[in-house]
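Chain residues, written in single-letter form:
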Amino acid sequence: MLAHSERARKILLLCTSICSVGAARSYIKRARRKQLAVLLKARKIRDGNVARDRAAMLNEINGLPDYVFRSMFRVNRETFEEILTKIDSKMPVMDVAYAQRNVEGCRGMPLTNRVKLLATLRFLAGGMKWDICMAFKIGFGSFFATNLSGVVWPTCDAIDASYSIGLDPNNHDELKKMAEEFSHISLYSAEVFSKVVMAMDGWVMQTRKPYDSEVINVQSYMNRKGFWGMVVLAGCDARTRFTMWNCKNTGSCNDCNAWDVSAFRESLDLFPKWIQILGDEAFTCTNQVLVPWSGQGIGKAKDSFNYHLSVRRQVIERAFGILMKRWGVFSRPVVVAHKHWAKLATVCAKLHNVCIDANVPNVGRYEKDWKVEDRNELLVNDILHDNEPT
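Owing to the predicted nature of the structure, the values given are computational and were not obtained by experimental measurement.

So, how was this worked out
Residues numbered from 1 in each chain as written. Predicted model: local features only at pLDDT ≥ 70, side-chain atom pairs only at ≥ 80, totals over all residues. Heavy atoms only, no water. Helix = DSSP H or I, 4+ residues; strand = E, 2+ residues; numbered from the N terminus. Buried < 20%, exposed > 50% of the residue type's maximum accessible area, 1.4 Å probe, protein only. Contact = heavy atoms within 4.5 Å. Areas by Shrake-Rupley, 256 points an atom, 1.4 Å probe, with all protein chains shown as cover. Patch = residues over 30% accessible without salt bridge, like charges linked within 9 Å, V, L, I, M, F, W, Y side chains within 5 Å. Salt bridge = Lys/Arg side-chain N within 4 Å of Asp/Glu carboxyl O. Core = buried A, V, L, I, M, F, W, Y, C linked by side-chain atoms within 4.5 Å. pLDDT = per-residue confidence, 0-100. Pairing = 2+ DSSP bridges. Expected span 1.5 Å × (residues − 1).

What follows is about the overall build of the chain. Looking only at helices and strands, the chain features 14 helices and 5 strands. Looking at the chain residue by residue over its 390 residues, the buried ones come to 38%. Of the contacts made within the chain by residues no fewer than 6 positions apart, 66% connect residues no fewer than 24 positions apart. With the model as given, the accessible surface of the chain reaches about 23,100 Å², and the carbon-plus-sulfur share is 54%.

Together, W130, M134 and F140 give the surface a local cluster of nonpolar side chains, amounting to about 360 Å² of exposed area. Structurally, W130 can be placed in helix 7 (residues 129-136).

Checked against the element boundaries, V115 lands in helix 6 (residues 113-124). Residue V115 is classed as buried on the basis of its relative accessible area, which comes to 0%. As for V115 and L58, which are separated by 57 residues in sequence, their C-alpha atoms are 8.0 Å apart. Apart from residues lying up to four places away in sequence, V115 is in contact with R54, M57, L58 and F136.

Ranked by internal contacts, the top residues of the largest apolar core, which has 72 residues, are F123, F136, F242, W245, W327 and F330. Here F330 is in contact with W203, M205, L323, M324, A345 and C348, once residues within four sequence places are set aside.

Another point: the confidence of the model for the chain. Overall, the prediction assigns the chain a mean pLDDT of 84, with 77% of residues at 70 or greater. Scored below 50 in pLDDT, residues 374-390 shows 14 contacts in the model against residues more than four places distant or in partner chains.

By the criterion of burial, strand 3 (residues 242-250) is predominantly enclosed, with 7 of the 9 residues buried. Strand direction decides the pairing type here: strand 2 (residues 229-236) and strand 3, joined by 6 bridges, are antiparallel. Directly across from V231, in strand 3, lies its bridge partner N249. The antiparallel hairpin formed by strand 2 and strand 3 contains 5 residues in its connecting segment, where T240 sits at a positive phi of about 65°.

Spanning 12 residues, helix 6 covers 16 Å between terminal C-alpha atoms, matching the ideal 16 Å at 1.5 Å per step. With 9 of its 12 residues buried, helix 6 lies for the most part within the structure. Looking only at helix 6, the buried set comprises V115, K116, L117, L118, A119, T120, L121, F123 and L124. Of the residues trailing helix 6, G126 is marked for its positive phi of about 120°.

This part takes up the environment of M128. Among the secondary structure elements, M128 is positioned in the loop between helix 6 and helix 7. Residue class for M128 comes out partly exposed when judged on its relative accessible area of 41%. The spatial distance from the C-alpha of M128 to the C-alpha of V329 is 9.0 Å, given a sequence separation of 201 residues.

Quick look at the structure:
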């Protein structure tokens, strides 16, 4: 009797389990059918691609005054066309089938290289992703994409591949020309600093805090000044044109350490022995790297040397200032993916050189809403004029 009841209990438990499994499977099937119905309904509501009238947008840009175009994209029209011509062959090329689908599925003008370059320059100038996508009729998902339909990073890759930063150690005529330009900065000490070809310094590009999945040591990106960033070791000529650009060190790295591991430092032996490079106190003084005397009460001769060295070395400070003022993306912490930080800074440096070579005037980051002759306005640094009414 007990054996019979035990057997009946097991059979009852087995039947209950089978029913539970069946009910669970039935619930999952109903949930999947509901999810599929929602997706099909959303697809019907979308009704094809969104109409993007980029032709009208390009017509509006073509009708902009030259100073407005330069303020928006940080280059003039002639320089823009030169950049577009140079990077056109470096932009990703779609295969025939993909291009045909892109044209057939597009309601409006396709996303051309011209539109991509305009949107990229506007982003580097300080524009926000959402505003640029709305203005240039670009899908939010395509803006930072790295595939064929991407905008910013494929364009940055093309710019990076089309331009270079560096010095040719075998071009002695160019090196002598650069030394002559440095000597013209101050004629009082032209003979003492007659062999300077570059001034260098470090700059911390402020970024967001990197994620644990992006880097090995997150804390190494914290700068001593209290913000996250990457150290950029750069050098420039007397015209504030970058001739060295090294962007591979974390924010806590010292300028001297960044110099020791830089590619330019490793290739310095290939240059003529007579060239000289100016640095600040963070670097070590050698026969080719000149740094100021440290300390106080060093005497008139050493103090005079420091002064004339500083007069020439400040060109790298001006170069960083021009770079940050021209490309407003540096006016706030860089928030793109960590793998794109170095590329972003390098592309801006190369475009900086393009603008210097083309003599493109720099523009302010914000539109001025005051007139110089109006003395009842707040002009500079929140300081009111004496005749400002109270």
